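Listed here are the chains, written in short residue letters.
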Protein chains: 2
Amino acid sequence: MKQTPRLDRVFHALAHPARRRIVQDLSRGDRAVMQLAQQFTMSQPAVTKHLNVLERAGIIVRRRQGRERRCRLRPHALRASAEWMRRCETFWNRRLDALETLLDTTAPEDR
Amino acid sequence: MKQTPRLDRVFHALAHPARRRIVQDLSRGDRAVMQLAQQFTMSQPAVTKHLNVLERAGIIVRRRQGRERRCRLRPHALRASAEWMRRCETFWNRRLDALETLLDTTAPEDR
DNA sequence: ACTGTATATAACCATATGGTTATATGAAAC
DNA sequence: GTTTCATATAACCATATGGTTATATACAGT
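Residues numbered from 1 in each chain as written. Chains lettered and ligands numbered in written order. Predicted model: local features only at pLDDT ≥ 70, side-chain atom pairs only at ≥ 80, totals over all residues. Heavy atoms only, no water.

Peer 1: Explain the overall build of chain A to me, please; I cannot follow it from the model alone.
Peer 2: Along chain A, the regular secondary structure elements total 5 helices and 3 strands. Reading chain A from its N end, one meets helices and strands in the order α-α-β-α-α-β-β-α. The C-alpha atoms of chain A give 21 Å as radius of gyration, which overshoots the globular expectation for 111 residues (13 Å, by more than 25%). Taken over the C-alpha atoms alone, chain A extends approximately 75 × 30 × 20 Å along its principal axes. Out of the 111 residues belonging to chain A, those deemed buried represent 43%. Partitioning the contacts of chain A with sequence separation of at least 6, the portion at a separation of at least 24 is 49%. Looking at chain A as shown, the accessible area adds up to about 6,800 Å², and 50% of this sits on carbon and sulfur atoms. (Helix = DSSP H or I, 4+ residues; strand = E, 2+ residues; numbered from the N terminus. Rg over C-alpha atoms; globule rule 2.2 N^0.38 Å. Buried < 20%, exposed > 50% of the residue type's maximum accessible area, 1.4 Å probe, protein only. Contact = heavy atoms within 4.5 Å. Areas by Shrake-Rupley, 256 points an atom, 1.4 Å probe, with all protein chains shown as cover.)

This is the structure we're talking about:
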């Protein structure tokens, strides 16, 4: 994934349980990297890599604060992906509605 | 990803543009594999692989019909993922609300 | 300046992903 | 039964992913 568009990156970022857990944690407030890393068995560099993935997806930002780097969620970044899924369901429902209408109008006696 | 839970598989499945395109196409109606493959420059086996990913995620099902195999969307499979994202936003909004309340009550003069 | 703490980077490794071509299978048509 | 069409599988390849350990960097405290 060299220069992948947002949707790719966001969905990919959310496809890993560790990253989802990070996101959920951040949805309750900002966290330093160590605070996040403590919850996992994996090494600190591994956590940093996950944070990089989330940052590239636009889901989080990191800013220095003293010697820590605090991570903050930008849930706005999830919007497009959520929209995509919603739209998909909408189409589907419209399809179901159409089917129902069809059944109602063309073959009521079959039901 | 050996025995990954649903969320992992669904998000991963949606992280590829070809697979999202397939899903969008299927949201307009069932399609045979060839019908789907024609839209892409990639080979038919590549498309089959993408369909496998979508099927393992529970997003589509395939059934024989004559010598074709028709693909059908099961948008229900997207539900859990959409919910997850929605919940994440909800937490975030609650946090913003709390912050606002805090600002209102503790330091109205700073605004 | 020196030490410790927080985080990032480098180098490495095993496995997964996404693609290819060639071939096998399954049902249809002749 | 042989051919043909639709699809899947096998074998292969390059690159990406997710992890590790060791090391570098950045700031804080003394």
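Having seen the structure, we can now continue with the description.
Peer 1: Would you mind going over the interface of chain B and chain A with me for this structure?
Peer 2: Reports often express the size of an interface as the amount of accessible area lost when the parts come together. Every contact between the two is made by 29 residues of chain B and, on the other side, 29 residues of chain A. Taken together, both faces of the contact between chain B and chain A bury some 2,900 Å²; the carbon and sulfur share is 67%. In terms of surface lost to chain A, no three residues of chain B exceed Trp84, Met85 and Trp92 of chain B, which account for 21% of the buried area on that side. For the interface between chain B and chain A, the tally reads 4 salt bridges. (Buried area = accessible area lost by both parts, 1.4 Å probe. Salt bridge = Lys/Arg side-chain N within 4 Å of Asp/Glu carboxyl O.)

Peer 1: What's the story with the sheet that holds strand 2 (residues 60-65) of chain A in this structure? I'm lost.
Peer 2: Remark on secondary structure: sheet strands pair via backbone hydrogen bonds, oriented parallel or antiparallel. All names here are of chain A. Taken in spatial order, the 3 strands make up an open sheet running 1-3-2, and their pairing is antiparallel. A strand with exactly one partner marks an edge of an open sheet, and here the two such strands are strand 1 (31-32) and strand 2. Taken together, the 2 bridges between strand 1 and strand 3 (residues 68-73) define a ladder with antiparallel strand orientation. Paired with alanine 32 across the strands is arginine 70, a residue of strand 3. Sitting on the sheet, helix 2 (residues 17-26) is in contact with strand 1, strand 2 and strand 3, with an inclination near 90 degrees to strand 3. (Pairing = 2+ DSSP bridges. Axes fitted to C-alpha atoms, helices over the stretch in contact; angles between N-to-C directions.)

Peer 1: Where do I start with the relation of the copies chain B and chain A in this structure?
Peer 2: A rotation about an axis combined with a shift along that same axis relates the two copies of the chain. With an axial shift of 0.0 Å and an RMSD of 0.1 Å, the rotation relating chain B to chain A amounts to 180 degrees. The symmetry that links the two subunits is that of a two-fold axis. Comparing interface residues between copies, 100% of those in chain B also lie at the interface in chain A; the contact surface is shared. (Least-squares fit on C-alpha atoms with pLDDT ≥ 70 in both.)

Peer 1: Just to check I follow, could you spell out the nonpolar core for this structure?
Peer 2: The tendency in soluble globular proteins is for nonpolar side chains to be buried side by side. Core analysis: the largest hydrophobic core is formed by 59 residues, its most contacted members being Leu14, Leu51 and Ile59 of chain A together with Leu14, Leu51 and Ile59 of chain B. Those residues within four positions of leucine 51 of chain A in sequence are excluded, and the remaining contacts are Ile22, Val33, Leu36, Ile60, Arg62 and Cys71 of chain A. (Core = buried A, V, L, I, M, F, W, Y, C linked by side-chain atoms within 4.5 Å.)

Peer 1: I tried to follow the protein's contact with DNA strand C on my own but got confused; where do I start?
Peer 2: Lining the immediate environment of DNA strand C, one finds 24 residues, of which Met34 and Arg69 of chain A together with Ser43, Lys49 and His50 of chain B sit closest. Within 4 Å of the protein, the contacting atoms of DNA strand C are drawn from sugar and phosphate to the extent of 66%. For DNA strand C, a base nitrogen lies 2.8 Å from a polar atom in the side chain of glutamine 44 of chain A. Between DNA strand C and the protein, one listed contact pairs a phosphate oxygen with a side-chain N or O atom of arginine 19 of chain B at 3.1 Å. When contributions to the surface near DNA strand C are tallied by element, the ones reaching two or more residues are helix 3 (33-38), helix 4 (44-56) and strand 3 of chain A together with helix 4 (44-56) of chain B. By residue class, the composition of the surface near DNA strand C is 8 nonpolar, 7 polar and 9 charged. (Near = heavy atom within 4 Å. Polar contact = N/O pair within 3.5 Å; in protein donor to acceptor, adjacent residues only side chain to side chain. Nonpolar A, V, L, I, M, F, W, Y, C, P; charged D, E, K, R; others polar.)

Peer 1: Would you mind going over the packing of helix 5 (residues 76-106) of chain A against helix 2 (residues 17-26) of chain B with me for this structure?
Peer 2: For any two helices packed against each other, one specifies the crossing angle of their axes together with the interaxial distance. Where helix 5 of chain A contacts helix 2 of chain B, the two axes come as close as 9 Å, and the packing angle between them is 25 degrees. Judged on the interaxial angle alone, helix 2 of chain B and helix 5 of chain A are roughly parallel. Residues Trp84, Cys88, Trp92 and Arg95 of chain A of helix 5 of chain A touch helix 2 of chain B, and the partners they reach there are Arg20, Val23, Gln24 and Leu26 of chain B. Partitioning the contact of helix 5 of chain A with helix 2 of chain B into residue classes produces 5 nonpolar, 1 polar and 2 charged. (Parallel < 35°, antiparallel > 145°, perpendicular 65-115°, else oblique.)

Peer 1: Would you mind going over the packing of helix 2 of chain A against helix 4 of chain A with me for this structure?
Peer 2: Residue and element names in this part refer to chain A. Closest axis-to-axis distance for the helix 2/helix 4 pair is 10 Å, and the angle between their directions is 70 degrees. With respect to their mutual orientation, helix 2 and helix 4 come out roughly perpendicular. Mapping the contact onto sequence places Ala18, Arg19, Ile22 and Val23 in helix 2 and His50, Leu51, Val53 and Leu54 in helix 4. Per-class residue counts for the contact of helix 2 with helix 4 are 6 nonpolar, 1 polar and 1 charged.

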